[in-house]
Amino acid sequence: MKKTILLSGIALFIITMVACEKMLPPAPKDEEILAGTIPGLTPQQEHEHLVGDIAFGKIFTPEQGLGPIFVQTSCSNCHAGNGKGHPTNVLTRFANVNGSIVDYLLSKGGPQLQQSSIMGYPAEVIPGEANVFSKRMAPAIMGLGYIAALSDASILANVDSNDVDADGISGRINYVNPTSFFIPQSIHIPNGSQYIGRFGKKAEKVTIQDQVVFALKQDIGITSDFDMQDLYNVQAGINTGDNVTDPEVSASFVYSLVFYMRTLKAPTRRNTDDPDVMAGENLFNQIGCNSCHKSTFVTAQSDIEALSNQTFHPYSDFLLHDMGQLLDDSYPEGNAKGSEWRTPPLWGLGLAKDSQGGQLFLLHDGRATTFEGAISFHGGEAASRRTAFNTLSEQQKQQLIKFLESL
Amino acid sequence: MKQTFLFLLTSVLSIQAFSQSDSSFFKRIPTDTSKLKMNMDAVYNRPFLQMGKLPVSIGGYLEANSSYFGTDGVSEGLSFQIPRMTIFLSSTIKKRIKFLSEIELEEGGKEIGIEFASMDIELHPLFNLRGGVLMNPIGAFNQNHDGPKWEFISRPISATTIIPSTWSNVGFGVFGKYGRNNLVWAYEAYLTNGFDDKIIANEENRTWLPESKKNPERFEESFNGIPLITAKTAIRHRKIGEVGISWMGGVYNKFEEDGIVIDSKKRVDAFAIDFNTTIPKINTYLNAEWVWAMVDVPDSSPPQFGNKQQGGFLDIVQPIVRRKMFGWENSTINLAFRTEYTDYNVGTFKETGENRYDHIIAIVPGISFRPSAQTVIRANYRYHWQKDLLGNPPSLTAGFQFGFSTYF
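The structure displayed is predicted, hence computed values, not measured ones.

### Overview of the overall build of chain B
Looking only at helices and strands, one finds two helices and 20 strands in chain B. What you see for chain B is a C-alpha radius of gyration of 22 Å, in line with the 22 Å of a compact globule of 408 residues. By its C-alpha atoms, chain B is 70 × 55 × 50 Å across when sized along the principal axes. Looking at chain B residue by residue over its 408 residues, the buried ones come to 52%. Long-range pairs, those at least 24 residues apart, make up 60% of the contacts in chain B between residues at least 6 apart in sequence. For chain B, the exposed area adds up to about 18,500 Å²; of that, 61% sits on carbon and sulfur atoms. The averaged location of the 43 negative side-chain charges in chain B is 11 Å from the averaged location of its 43 positive side-chain charges.

Here you go:
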């Protein structure tokens with residue numbers, strides 16, 4: 001009897017050890033998630049990516065300098081799973097526009113609203129002077145390294161400001177003033193003192209680092225070596241900031257965030273051999289969606305070898321387009337007007353739901369909850385493409401959407 | 001401090017080792033099984049050893065286990081832990097005056113904490129005074145958490161992260177009991193120090209009551225001068241089982257500094273219902289607890305800080321073999337199953353009307369072998385679905401745990 005128990009005990013133990021691996025949850029397929037590194041990184045680069053990943057998920061507390069006013073407590077709270085954001089974390093920028101005079105109300109708490117605050121400190125409210133508002137939902141941040149590694153020349157190649165080719169589409173560059181810490185690289189082509197913006201919904205940021213430093217401060221209330229001026233609520237009184245020593249994060253923290261985003265892989269496509277998807281792609285090109293959502297680019301030489309001379313498929317031209325009245329938020333940024341938006345890359349759209357709580361929230365402020373909805377908001381330069389989409393048969397529309405879902 | 005303590009501890013343990021050859025020095029105090037024991041009695045209802053003629057009895061328990069877990073395809077490999085070792089010292093100072101302390105070494109001695117150190121004075125069975133460091137009687141697990149009593153290696157999630165077990169504080173209060181035939185009724189009510197504003201200023205990214213445990217100053221002074229009130233009442237019927245309801249409430253923020261009002265008072269309240277019973281004949285043991293926490297979260301906090309949390313667990317333990325095994329009389333083999341649920345953010349998003357998720361669902365089947373009631377060798381498999389605030393596809397964690405826990 002004793003022996004039987006002992007033997008069955010041992011047998012059970014062996015079985016569980018063997019079954020072990022099988023009874024642990026499997027890894028989601030690479031193509032199902034917006035995480036992972038670009039191919040070809042060295043082990044050291046993989047490690048640095050991991051350090052940045054941790055920085056990206058870091059939750060800031062008041063003791064570490066959060067706020068005192070802020071929108072969210074970490075990057076990953078808005079960019080959940082590196083994917084698109086959720087309406088609950090939409091941020092608001094505001095300004096006073098009077099004819100051609102734009103005042104970002106910097107002395108009144110502009111340009112961005114921080115509706116959250118640390119315990120016992122009042123949150124900001126939009127000052128009465130503001131008369132234009134821009135609501136923004138976080139974009140997915142995959143594949144940014146490829147976009148950052150593009151030469152200005154390859155973006156300029158698609159510019160058609162005066163619509164010389166008469167296709168109704170005139171992509172424009174947003175030339176912006178560089179930040180104090182911007183160091184021009186060989187890819188950059190200045191226009192006087194200004195540089196080409198390629199990040200942000202209105203292409204108002206030249207580099208990933210510009211966006212990171214801005215996000216740390218305006219979204220989380222964190223000062224860094226690149227911006228030592230902490231936020232505070234002017235409505236609560238001058239210099240009523242937190243008492244945490246600035247900078248609240250070091251330059252190396254900023255660099256690891258930048259490195260993380262430069263080395264996040266581009267979303268992997270799914271179902272590319274599905275006939276409907278292939279038909280959808282043809283329709284997408286036929287009706288001219290690709291006039292703006294351009295499929296293919298090649299990177300320039302990069303200091304990260306794995307990003308050099310790489311072909312990638314963002315479905316964007318990184319240029320500003322006038323999208324018509326429905327999408328006009330009257331909020332100018334750099335050279336971009338209220339109705340102008342940078343063509344967003346469409347890659348990763350098929351996985352958007354997985355970071356948006358199972359629903360879709362598309363366009364700059366998340367107003368569209370279906371692909372058809374997003375297309376129906378296309379006006380201005382894109383109006384003819386919207387009309388072309390509407391004339392497709394129901395089946396063709398579904399094929400085109402299947403294609404978008406495969407991205 | 002830690003060194004001294006460890007030294008004392010090893011000396012005590014070596015005495016005990018020595019005691020095994022000289023059993024006349026240490027006498028095991030028989031546990032009184034005639035009376036109906038309730039969760040509130042757990043602190044005294046433990047095996048104690050009397051050392052010679054010393055007026056102090058000693059006890060304690062150790063937990064050790066190994067685990068192999070993986071989350072979404074990434075495994076941390078095999079690891080070994082001593083999650084805790086606890087020493088109790090108790091003495092009857094005079095008739096009806098008792099002292100008991102429980103000192104816990106967590107994670108291999110990294111942290112040493114006084115879980116419990118209080119004096120009880122019985123004026124009447126219905127009216128006892130208790131003062132010192134005490135375990136707030138919220139739910140059942142907080143007071144009745146000794147490892148060897150459980151067939152599960154991990155502690156229940158709701159009882160450790162909504163109710164921050166083991167949650168003990170400095171304070172005082174009263175308790176009492178009234179029994180008749182098959183029924184006992186009991187109550188407890190205490191005033192203690194309590195929570196602080198770390199419950200919404202933490203790196204957990206959610207309302208997190210356990211964060212206040214990290215503040216050692218709560219043993220020195222109250223964060224805001226307002227005591228935390230904890231009250232519990234429970235009733236036990238010999239055949240039907242025990243039901244308890246409890247409440248704990250106070251203010252967690254600093255609303256005044258040097259006499260200047262700096263904020264409105266923000267409350268934290270927790271409620272719990274606990275139940276346990278043993279089904280006659282088949283001897284199935286059922287143990288359940290459900291807890292709620294309500295927190296006045298400032299309006300200016302981001303949405304991940306929920307103002308309502310809830311969760312609970314149900315344990316089913318079924319003895320399947322009870323007889324002499326390997327020479328131990330009355331050994332038992334039990335099958336055990338736990339289901340648990342913890343929702344850190346009850347409510348909906350004002351922007352979409354959709355549910356705020358941030359919840360965990362877990363199931364834990366297990367098997368245990370008890371050579372005696374004081375010792376358990378147990379193996380668990382855990383599977384655990386965790387959804388983020390937005391309700392994105394859950395992250396899956398599963399793993400095996402194997403270990404023992406024993407009183408000594």
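### Some thoughts on helix α6 (residues 208-220) of chain A
Residue and element names in this part refer to chain A. In this model α6 runs 17 Å from its N-terminal to its C-terminal C-alpha over 13 residues, within 8% of the 18 Å that 1.5 Å per residue would give. Judged by how many residues are buried, α6 sits mostly within the fold: twelve of 13 residues are covered. All buried positions along α6 are accounted for by I208, Q209, D210, V212, V213, F214, A215, L216, K217, Q218, D219 and I220. Among the structural elements, β1 (69-70), α3 (75-78), β2 (91-98), α4 (144-148) and α7 (251-262) are those in contact with the buried residues of α6. Just past α6, the residue G221 takes up positive phi, approximately 75°.

### Side note on the interface of chain A and chain B
It is common to report an interface's size as the accessible area lost on association of the parts. At the interface, 44 residues of chain A touch 43 residues of chain B. In this assembly, chain A and chain B are joined by two salt bridges. Here B:E203 and A:K58 are joined by a salt bridge, their closest N and O atoms 3.6 Å apart. If you look at where chain A meets chain B, you find 13 residue pairs in polar contact (both at pLDDT 80 or more). Listed by contribution, the elements that provide at least two residues to the side of chain A that touches chain B are α1 (2-20) and β4 (116-117) of chain A. If one sorts the elements of the side of chain A that touches chain B by residue count, α1(A) sits on top with five residues. Across the side of chain A that touches chain B, the residue classes break down as 20 nonpolar, 18 polar and six charged.

### A short note on the packing of aromatic side chains
All names here are of chain B. Under the criterion given, the structure shown has 29 aromatic pairs over all chains. Aromatic side chains F48 and F88 sit 5.9 Å apart centroid to centroid with 65° between the ring planes, which places their arrangement in the edge-to-face category. In this pair, F48 sits in strand β2 (residues 48-51) while F88 sits in strand β4 (residues 74-94), placing the two residues 40 residues apart along the sequence. Like F48, the residue F88 is buried in the burial classification. Relative to F195, the ring of W167 lies with its centre 4.4 Å away and its plane at 20°, an arrangement referred to as stacked. Linking W167 in the loop between α2 (157-161) and β8 (168-180) with F195 in the loop between β9 (183-192) and β10 (228-237), this pair joins segments that are 28 residues apart in sequence.

### Some remarks on α7(A)
End to end, α7(A) covers 16 Å across twelve residues, agreeing with the expected 16 Å (1.5 Å per residue, within 8%). With ten of twelve residues buried, α7(A) lies mostly within the body of the structure.

### A closer look at the sheet that holds strand β3 (residues 101-103) of chain A
Sheet strands associate in pairs through backbone hydrogen bonding, adopting either a parallel or an antiparallel arrangement. Residue and element names in this part refer to chain A. Taken in spatial order, the three strands make up an open sheet running β3-β2-β5, and their pairing is antiparallel. At either margin of the open sheet sits one strand with a lone partner, and together these are β3 and β5 (132-136). Ignoring strand direction, the axes of neighbouring strands in this sheet form an average angle of 30°.

### Some remarks on the pattern of salt bridges
Residue and element names in this part refer to chain A. In total, this model carries 34 salt bridges over all chains according to the counting rule given. Across the salt bridge formed by R93 and E204, the nearest N and O atoms sit 3.4 Å from each other. Placement of R93 in strand β2 and of E204 in the loop between β7 (195-196) and α6 is noted, with a sequence separation of 111 residues between them. Given a relative accessible area of 10%, E204 falls into the buried group. Among the ionic pairs, E333 bridges to R93, the shortest N-O distance being 2.8 Å. Here E333 is found in the loop between β10 (320-322) and β11 (340-342), whereas its partner R93 is found in strand β2, with 240 residues between them in sequence. Note on accessibility: E333 and R93 belong to one class, buried. Through salt bridges with shared partners, a single ionic network connects R93, R136, E204 and E333.

Reading the values: the criteria
Residues numbered from 1 in each chain as written. Chains lettered and ligands numbered in written order. Predicted model: local features only at pLDDT ≥ 70, side-chain atom pairs only at ≥ 80, totals over all residues. Heavy atoms only, no water. Helix = DSSP H or I, 4+ residues; strand = E, 2+ residues; numbered from the N terminus. Rg over C-alpha atoms; globule rule 2.2 N^0.38 Å. Buried < 20%, exposed > 50% of the residue type's maximum accessible area, 1.4 Å probe, protein only. Contact = heavy atoms within 4.5 Å. Areas by Shrake-Rupley, 256 points an atom, 1.4 Å probe, with all protein chains shown as cover. Lys, Arg positive; Asp, Glu negative; His and termini not counted. Charge placed at Lys NZ, Arg CZ, Asp CG, Glu CD. Expected span 1.5 Å × (residues − 1). Salt bridge = Lys/Arg side-chain N within 4 Å of Asp/Glu carboxyl O. Polar contact = N/O pair within 3.5 Å; in protein donor to acceptor, adjacent residues only side chain to side chain. Nonpolar A, V, L, I, M, F, W, Y, C, P; charged D, E, K, R; others polar. Phe/Tyr/Trp six-rings, centres within 6.5 Å; stacked < 30°, edge-to-face > 60°. Pairing = 2+ DSSP bridges. Axes fitted to C-alpha atoms, helices over the stretch in contact; angles between N-to-C directions.

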